[in-house]
Each structure stands twice: as C-alpha cells, then as structure tokens.
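For reference, the chains in residue letters:
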Amino acid sequence: MVLACWQRHGLESASAFFPRDANAADVSVGIYRFRDEDALHAALASAEMETVMADVPRFTDATVSRSMGTPL
C-alpha cells in the first residue's frame, strides 16, 4: 500500500519487520528507501500521507516515530 501511495513521490522500496521478542521495545519497524531527501519530504507532505498513517493501526498500536538515515 505504501508503494502505491508514495512511489510517484520517489519511494523506491519498503520493508517491514516485526521483532520475535514479545517484550521488545519496538513493535514494528518500517524501512522506506527514497530516491533522495527531496522525495522523502514530498511523500511526507503528500495527500497520501493520511492514507498511509490510517493504515498503521492495522499492524501496531505503538506510537509512530521517525528516524532518517543515510548510507555511510
């Protein structure tokens, strides 16, 4: 669903991970790779952002937090 919403903004790939440890602090982790930082900001500012965020509760009841990383 995220690819359908954000690919036109420059999303190149998406992955989701769910730790096996029931006591883990992280409930789920999503990794989204964008063409560049401008593409990331375009996706986050897009009308589709509401659709993406509305889908989150289907996978976790945790509060969403974001971190940006860049390759070394």
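Residues numbered from 1 in each chain as written. Predicted model: local features only at pLDDT ≥ 70, side-chain atom pairs only at ≥ 80, totals over all residues. Heavy atoms only, no water.

K.L.:
Can you walk me through the pattern of salt bridges in this structure?
P.N.:
Where charged atoms from two side chains of opposite charge approach closely, those side chains can pair. Under the defined criterion, the tally for this structure stands at three salt bridges. With a closest N to O distance of 2.8 Å, Glu-48 and Arg-8 form a salt bridge. Of this pair, Glu-48 sits in the loop between α2 (37-44) and α3 (49-55) while Arg-8 sits in the loop between α1 (2-6) and β1 (11-17); the two residues are 40 residues apart in sequence, bridging distant segments of the chain. (Salt bridge = Lys/Arg side-chain N within 4 Å of Asp/Glu carboxyl O. Helix = DSSP H or I, 4+ residues; strand = E, 2+ residues; numbered from the N terminus.)

K.L.:
Looking at this model, I keep getting lost on the confidence of the model for the protein. Mind explaining?
P.N.:
Close inspection of predicted coordinates is inappropriate for parts of the model with low pLDDT. Per-residue pLDDT for the protein has a mean of 88; in total, 97% of the residues score no lower than 70. Taking the mean pLDDT of every element in the protein, the minimum, 92, falls on strand β2 (residues 29-34) and the maximum, 95, on α2. (pLDDT = per-residue confidence, 0-100.)

K.L.:
What am I meant to see in α2 here?
P.N.:
Along an α-helix, residues three or four apart share an orientation, since each turn contains 3.6 residues. Looking only at α2, the buried set comprises Ala-39, Leu-40 and Ala-43. Seen end-on, α2 carries its buried residues on one side only, within an arc spanning 105°. On its buried face, α2 sits against α1, β2 and α3. If you check the start of α2, you find a side-chain oxygen 3.2 Å away from the backbone N of Asp-38, and it comes from Asp-36. (Buried < 20%, exposed > 50% of the residue type's maximum accessible area, 1.4 Å probe, protein only. Arc of directions from axis to C-beta. Contact = heavy atoms within 4.5 Å. Polar contact = N/O pair within 3.5 Å; in protein donor to acceptor, adjacent residues only side chain to side chain.)

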